[in-house]
Amino acid sequence: YEVLEALKADPRLRSLPVIMISALDQIDSVIRCIELGAEDYLPKPFNPTLLKARVGASLEKKRLRDEVDAYLARIETELAWARQIQLEMVPQDFPQVTPQSGADLFAVLQPARQVGGDLYDFFYRDPETLCLVIADVSDKGAPAALFMARTKTLVRLVTTLLRAESGARPLPAEVVAKVNEELCVGNGQGMFVTLVVGMLDLPRRTLRYCNAGHTHVLVVAADGELRVLAEGRGRPVGILPDSVYATAEHRLAPGDCLFLYTDGVTEAVDGKGGFFGEDRLQEVLRPLAGASAREVVEAVMERVRAFA
């Protein structure tokens, strides 16, 4: 027993196969040794040929286990690197709030697995227009992460490069329609993305947005009133290339908080299988009226973690 416990306690020796030899009337000892990690046992008197065969089989199982462990360790390392790369694909530096910037920004990406399909992005199309993007790819894991990277790149390219015949910049619905068309090409796995593309005219505080099957955009006014922006909705992108989308518009007041999120927030599950839900999210947001963007996001994340 002491030898088996020592082998089990030492990581360097834990995978060594152990075969015990015991008399038939010592079955309790056999059971105890198996519980402690013995690979096999032979009754006394033992056959040398059978012992050799059992040892060979145990060594082969150990070799296979070592190969599996090495493979899993390599996969874990690759996923850890993939997670880091994915997190670096979304903006990590948020501009300081100044009278000229016009907006206070903060965001968090927390994949459900090592990598996932959620994304956020923001960038200035021109000095007066702040583009906001949030999306959620169907499924999770590595396939969703690859589709997420494709989606993010397409949204940026289309938003900054697409021009109408008149030379005018595209509206959010036109961006979403073009991204949808491109994502439907070479999509044999049938993946899709829920997506919100918003364009905020900072001097006029006017938000133009298109919602492709995503969770509702929320606005928390400075006085605590909460409004759900339910217009401008269409189907998720990547399903049908001829899907039609619309641009909605909402004028923001000074101090308004624009809150965008994925269903990872509202579908967080507690120990009883209940969802965090939209009602609970709105209850969390109302008292945060007037708080900074970072304070709002961190408060919501704290409540979701506590709930789950």
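Look up: the structure comes first, before these words.
From a predicted model like this one, the values you see are computed outputs, not experimental measurements. (Residues numbered from 1 in each chain as written. Predicted model: local features only at pLDDT ≥ 70, side-chain atom pairs only at ≥ 80, totals over all residues. Heavy atoms only, no water.)

K.L.:
Before we go on, may I ask you to explain unusual backbone geometry in this structure?
P.N.:
Glycine aside, negative phi is the norm for most residues, and most peptide bonds take the trans geometry. Phi at Arg205 is positive, roughly 55°, even though this residue is not glycine. Along the chain, the position of Arg205 falls in the loop between β5 (193-201) and β6 (206-212). Its relative accessible area of 32% is what places Arg205 among the partly exposed residues. (Helix = DSSP H or I, 4+ residues; strand = E, 2+ residues; numbered from the N terminus. Buried < 20%, exposed > 50% of the residue type's maximum accessible area, 1.4 Å probe, protein only.)

K.L.:
Sorry, what's going on with a nonpolar patch on the surface here?
P.N.:
Together, Ile27, Ile31, Ile34 and Tyr41 line one region of the surface with nonpolar side chains, adding up to about 320 Å² of accessible area. Of all the elements, helix α2 (residues 27-35) adds the most residues to the nonpolar patch, at three residues. On the secondary structure map, Tyr41 appears in strand β2 (residues 40-43). (Patch = residues over 30% accessible without salt bridge, like charges linked within 9 Å, V, L, I, M, F, W, Y side chains within 5 Å. Areas by Shrake-Rupley, 256 points an atom, 1.4 Å probe, with all protein chains shown as cover. Salt bridge = Lys/Arg side-chain N within 4 Å of Asp/Glu carboxyl O.)

K.L.:
Honestly, helix α7 (residues 277-285) in this entry has me stumped. Any pointers?
P.N.:
Because each turn of an α-helix spans 3.6 residues, side chains separated by three or four positions in sequence point in the same direction. Within α7, burial applies to Gly277, Leu281, Gln282, Val284 and Leu285. Contact partners of the buried residues in α7: β7 (217-220), β8 (226-229), β11 (257-259), α6 (263-266) and α8 (293-307). (Contact = heavy atoms within 4.5 Å.)

K.L.:
Where do I start with the packing of aromatic side chains in this structure?
P.N.:
The way to describe two aromatic rings as a pair is by their centre distance and the angle between their planes. Applying the stated criterion across every chain yields a total of four aromatic pairs. Ring centres 5.3 Å apart and planes at 80° place the aromatic pair Phe276 and Phe307 in the edge-to-face group. On the criterion of sequence distance, the pair formed by Phe276 in the loop between α6 and α7 and Phe307 in helix α8 is long-range, its members being 31 residues apart. For Phe276, a relative accessible area of 2% translates into the label buried. By relative accessible area, which is 16% here, Phe307 ends up buried. (Phe/Tyr/Trp six-rings, centres within 6.5 Å; stacked < 30°, edge-to-face > 60°.)

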